[in-house]
Amino acid sequence: MKQELVQPHAYVALRLPSDSTIVVQVLPNTTISIGKYGAFQANNILGRPYHLTFEIRDTVTSDGKAQSGLRIVPAAELYADIKDEAPETPTEAEAGNLGASGDGVEYEIVGQNGEVVMRTNRRITDDPSSQIMTMDEIEALKAQSTGSGKELIAKILESHSALDQKTAFALAKYTLRKTKKYLRRFTVLPLDVPTLVRWILTDKEPMKIMELREEILSMIGSWSNVHCTPSVSTPSLDGEGMQTKGGRWLVVDETAGLLVAYMAEKMAILHPPDHNGEEAEGKVLSKRETDAVNGDDSIGDPATKHVVAPPPHHLRPRKTSGPGTTNTITLIHANAQPNLSLLKYFHFDAFNPSISHPLESHLKTLSWLQLLSPEDDMGCAEPEIVSEETIQSWRSGKRSNHFRKRRRWERINFVVDETRAGEFDGLIVASTMNPVSILRHTVPLLRGAAQVVVYSPTIEPLVELSDYYSTGRRTAFVTNPPDFDSMPTEDFPLNPTLLLAPTIQTARSRSWQVLPGRTHPLMTGRGGSEGYVFTATRVLPAEGKIEARGTFKRRKVDDGVTRSSSRQENAASGESGSMEIDAS
């Protein structure tokens, strides 16, 4: 589950006044820098609840040294502008002759009864010389100021010579623009997958995640039906016992683990459990919930706070656990090791996972070689069998290395056998490989009614894939089936009877400014790939012949004589009324 308090070594998202978000790791006894807004001590936010807004305030100690402190901004102060201040609409008396000038140009929006509905800014000339303060003077004030930036913003507004000419909306936009630039505040947010996606798309490398956006991820999760499935026990086919079944999804992920993280978050296996009770030893953290609620101005001297935190997961003793059987994600990768680098933001190390993390037992990985030809993979080869007496005679290092190899071989073979057995609940693909080559080997591993979702930054590979599962190819395949030993053929690279209702979709959310008379899309949105999603449903084709039986109604002819149906005539003559349809 997600942590409610900021923990040591945790990754958090800091929302800045400019509406941008940065992701940082809260390391005890270090300083966190947030660019032009300043820096603060990481210990000042440890142990505090998320979603608090802090204000950076520079203070001067008795020895003359500058020191950065934090102040919690209460909710009443955050929403004072929205609660207490309302945009003023000029009255007719205030408007004077501005309603309609002699030259016939209207400067206000006037209603039917002559009242001024809204004042416009047509007469305002945007002149840079209206701002008297220069950038050198502003930088000097920033260096002298030790507050949160409010004094600087107030002086900038006072030095604007044409401030009284601005409308209420123009003044609000100008004030907001200066506030985003100079106000030294930030909000601590828990890191989730959508926040991580926005940060990578704006500040990092979008191609690393194949330019996956939030709306595309939501579409993938909806069509693939990814959810947390409770364990269900069903009788086995052989009648010997009960089988425990749950959600099992097959994944091909080349987005550095972003797709796996999104699926794990929907399946409630992404975030490690709360270990406050187990890891409290050696940790010195004060309880600050009361200060957070009351908006205490003082957090204290960070130099006197020393946090002794537990070591990170990768430095703790290694333990093992058995692979899970429900709510599992089976990842197929093309390299020697899977690329799951983005999972580090959720405290999961794929090379040395912690026993306490849910993904350690619910995430299973195997390569394409292990899936298609396990006998050729070195990891599937059983280590040498050694007697117990020989093992006891070895040194501890060699003995532990032998057991580690045996455990690794057992886990690999378990995952390979389970994957090749199939019966997965869905398939999700986000890869630069040709989707035809991927679906050729993965679709047969799905159960009936399983969902198939394939993402591609461009539409061309998905159009080709949709054509291979089209109705025309399926009809030709059923009418004149090719020899299955010769599959795939030039006309049938894939079996078109395995997937039903192929569809290609896309979605993109765009920002708009919505105001009376001035609604328009914001032109500052990022470009990049549109992104498309192919969806289909796994079906089990019928085998053999299908018999269709039915009773036909009596029909009337032109001469008014009612004649019996062909089935009744056949029954009178002693013939069968059944009808066979060859569906092979």
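Reading the values: rules and limits
Residues numbered from 1 in each chain as written. Predicted model: local features only at pLDDT ≥ 70, side-chain atom pairs only at ≥ 80, totals over all residues. Heavy atoms only, no water. Phe/Tyr/Trp six-rings, centres within 6.5 Å; stacked < 30°, edge-to-face > 60°. Helix = DSSP H or I, 4+ residues; strand = E, 2+ residues; numbered from the N terminus. Core = buried A, V, L, I, M, F, W, Y, C linked by side-chain atoms within 4.5 Å. Buried < 20%, exposed > 50% of the residue type's maximum accessible area, 1.4 Å probe, protein only. Contact = heavy atoms within 4.5 Å. Axes fitted to C-alpha atoms, helices over the stretch in contact; angles between N-to-C directions. Parallel < 35°, antiparallel > 145°, perpendicular 65-115°, else oblique. Nonpolar A, V, L, I, M, F, W, Y, C, P; charged D, E, K, R; others polar. Pairing = 2+ DSSP bridges. Arc of directions from axis to C-beta.

**As for the packing of aromatic side chains**
Here is step 1 of the chain: Throughout the structure, instances matching the rule amount to 5 aromatic pairs.
Here is step 2 of the chain: Considering the side-chain rings of Tyr11 and Tyr345, the 4.8 Å spacing of their centres and the 75 degrees angle between planes classify their relative orientation as edge-to-face. Of this pair, Tyr11 sits in strand S1 (residues 11-15) while Tyr345 sits in the loop between strand S13 (328-333) and helix H11 (359-362), and the two are 334 residues apart along the sequence.
Here is step 3 of the chain: Ring geometry for Phe54 versus Phe186: centroids 5.6 Å apart, planes at 25 degrees, classification stacked. Taken together, the residues Phe54 in strand S5 (residues 53-60) and Phe186 in strand S9 (residues 185-190) connect sequence positions 132 residues apart.

**Regarding the nonpolar core**
Here is step 1 of the chain: Grouped together as the largest cluster of nonpolar side chains are 69 residues, with contacts concentrated most on Leu14 and Phe186.
Here is step 2 of the chain: When residues of this core are assigned to their parent elements, the largest contribution, 7 residues, is made by helix H9 (residues 258-266).
Here is step 3 of the chain: Those residues in contact with Phe186, other than ones at most four positions away along the chain, are Leu14, Arg15, Leu16, Ile34, Phe40, Leu52, Thr53, Phe54, Ile56 and Leu70.
Here is step 4 of the chain: Grouped together as the second largest cluster of nonpolar side chains are 32 residues, Cys380, Val429, Leu439 and Ala536 included.

**Brief notes about the packing of helix H15 (residues 435-442) against helix H16 (residues 460-468)**
Here is step 1 of the chain: Where H15 meets H16, the closest approach of the two axes is 10 Å, and the angle between their N-to-C directions is 40 degrees. The angle between the axes of H15 and H16 places the two elements in the oblique class. In contact with Pro435, Val436 and Leu439 of H15, H16 contributes Pro461, Leu465 and Tyr468.
Here is step 2 of the chain: Looking at the contact of H15 with H16, its residues break down into 6 nonpolar, no polar and no charged.

**Focus on helix H7 (residues 193-203)**
Here is step 1 of the chain: Regarding H7, the residues found buried are Val193, Thr195, Leu196, Val197, Trp199, Ile200 and Leu201.
Here is step 2 of the chain: Those residues of H7 that are buried are in contact with S1, strand S2 (21-25), helix H8 (214-224) and H9.

**Considering the sheet that holds strand S12 (residues 248-253)**
Here is step 1 of the chain: Strand order across the open sheet formed by 7 strands is S14-S13-S12-S15-S16-S20-S17, with mixed pairing between neighbours. Either end of the sheet is taken by a strand with one partner, and the two such strands are strand S14 (363-367) and strand S17 (499-505). Put simply, the sheet's adjacent strands are angled 15 degrees from each other on average, direction ignored.
Here is step 2 of the chain: Relative to S13, S12 runs parallel, the two sharing 4 bridges. Bridge pairing in S13 links Trp249 to Ile329.
Here is step 3 of the chain: Strands strand S16 (446-456), S17 and strand S20 (532-538) of the sheet are contacted by H16, whose axis makes an angle of about 20 degrees with S20.

**Some remarks on unusual backbone geometry**
Here is step 1 of the chain: The backbone of Ala268 sits at a positive phi, close to 60 degrees, despite the residue not being glycine.
Here is step 2 of the chain: Here Ala268 is to be found in the loop between H9 and helix H10 (289-294).
Here is step 3 of the chain: Judged by relative accessible area, which is 59%, Ala268 ranks as exposed.

**Brief notes about H15**
Here is step 1 of the chain: Listing the buried residues of H15 in full gives Pro435, Val436, Ile438, Leu439 and Thr442. Seen along its axis, H15 keeps its buried residues to an arc of 160 degrees; they face one direction.

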